[in-house]
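Structural features, examined
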Amino acid sequence: MNGYSELQLGPLDEVRATVALHPGVSLLSLAAGSVGGRPHGVPGHWRRGVAGVIGEDAAALKPLFDPYCSIIPDCLTATATMVEGDVETYLEMLEDLDPATLIRELEAEFGAGAPVHWQPVVDRPRAWLRVYARLMRRLWEDFAPTWHRAGGLLGKERERVGVAAVTGALEAVLTGLNSRFRFGGTSIRLPDQQGRRFDTWAAGS
């Protein structure tokens, strides 16, 4: 499983597909595709704009987008706890995040010795979090108008997936999901240097 992680979905007629709109996740994708060296399909003019907004703070993002390690602590993404669309709560969470929480999550992932690219964060977690939170807020302030203008298109995409889920056409949606992802049989493969397997079907049964 080297080079990708596999998300095992199980029989597609039993998959409950929903579309969640998380601006905070989109901010990370913008940063990854603009200054992080990760292909996220960000248009060229967006990449230049994001790079300009991030500026010298781009150095703070290096731990998140190391070419050999794709792990990002959950507390920095808030995907599990963030209410859909509530980006202000996400930003406030980052600004109030206890450095000890970040250190605990790094230790849970890497054990006692963090990789070299995370060491500057381990050495000065509070200072790093301050820069990271400021960067994410600045990026949102610049990107928010685009996100809001896209509301109609995002709504149509949500409707399209919903219709596919109830009409048995989910395979077509998953096949064309993203050029970086590969769907086959009952699983999705995502680029990932750590290469893990996640069985959502068994977890939900």
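Throughout this document, residue positions are counted from 1 along each chain, in the order its sequence is written. Per-residue local features of the predicted model are confined to residues with pLDDT of at least 70, and side-chain atom pairs are confined, for both listing and counting, to 80 or more; whole-chain, interface and lining totals are unaffected and use all residues. To get the side-chain values, take all heavy atoms of the structure and skip hydrogens and water.

**Focus on the pairing of strand β1 (residues 4-8)**
Of the pairings in the sheet, the one linking β1 to strand β3 (residues 187-191) comprises five bridges and is antiparallel in character. If you follow Leu7 over to β3, its bridge partner there is Ile188. For two strands to pair, DSSP has to find at least two bridges joining them. Each helix corresponds to a stretch of at least 4 residues labelled H or I by DSSP, and each strand to a stretch of at least 2 residues labelled E; elements are numbered beginning at the N terminus. Inspection of the sheet shows β1 paired to strand β4 (residues 197-199) by three bridges, in the parallel sense. Bridge pairing in β4 places Glu6 opposite Arg197.

**Notes on the packing of aromatic side chains**
Each aromatic pair joins two rings of Phe, Tyr and Trp (for Trp, the six-membered one) with centres within 6.5 Å, and gets the label stacked for planes under 30 degrees apart, edge-to-face for over 60, and tilted for any other angle. Here the structure, examined in full by the defined rule, presents five aromatic pairs. Ring centres 6.4 Å apart and planes at 65 degrees place the aromatic pair Trp140 and Phe143 in the edge-to-face group. On the criterion of helical spacing, the pair formed by Trp140 and Phe143 is a turn pair, its members being three residues apart in helix α6 (residues 125-149). A connected cluster of aromatic rings, assembled from ring pairs, spans Trp46, Trp140, Phe143 and Trp147.

**A closer look at the sheet that holds β4**
Within the open sheet, the four strands sit side by side as β2-β3-β1-β4. Their pairing is mixed. With one partner strand each, in any of the chains shown, β2 (182-184) and β4 form the two edges of the open sheet. Neighbouring strand axes in the sheet, compared pairwise and without regard to direction, differ in orientation by 15 degrees on average. A fitted line through C-alpha atoms represents every axis, and for helices the fit uses only the stretch in contact; the resulting angles, taken between N-to-C directions, go from 0 to 180 degrees.

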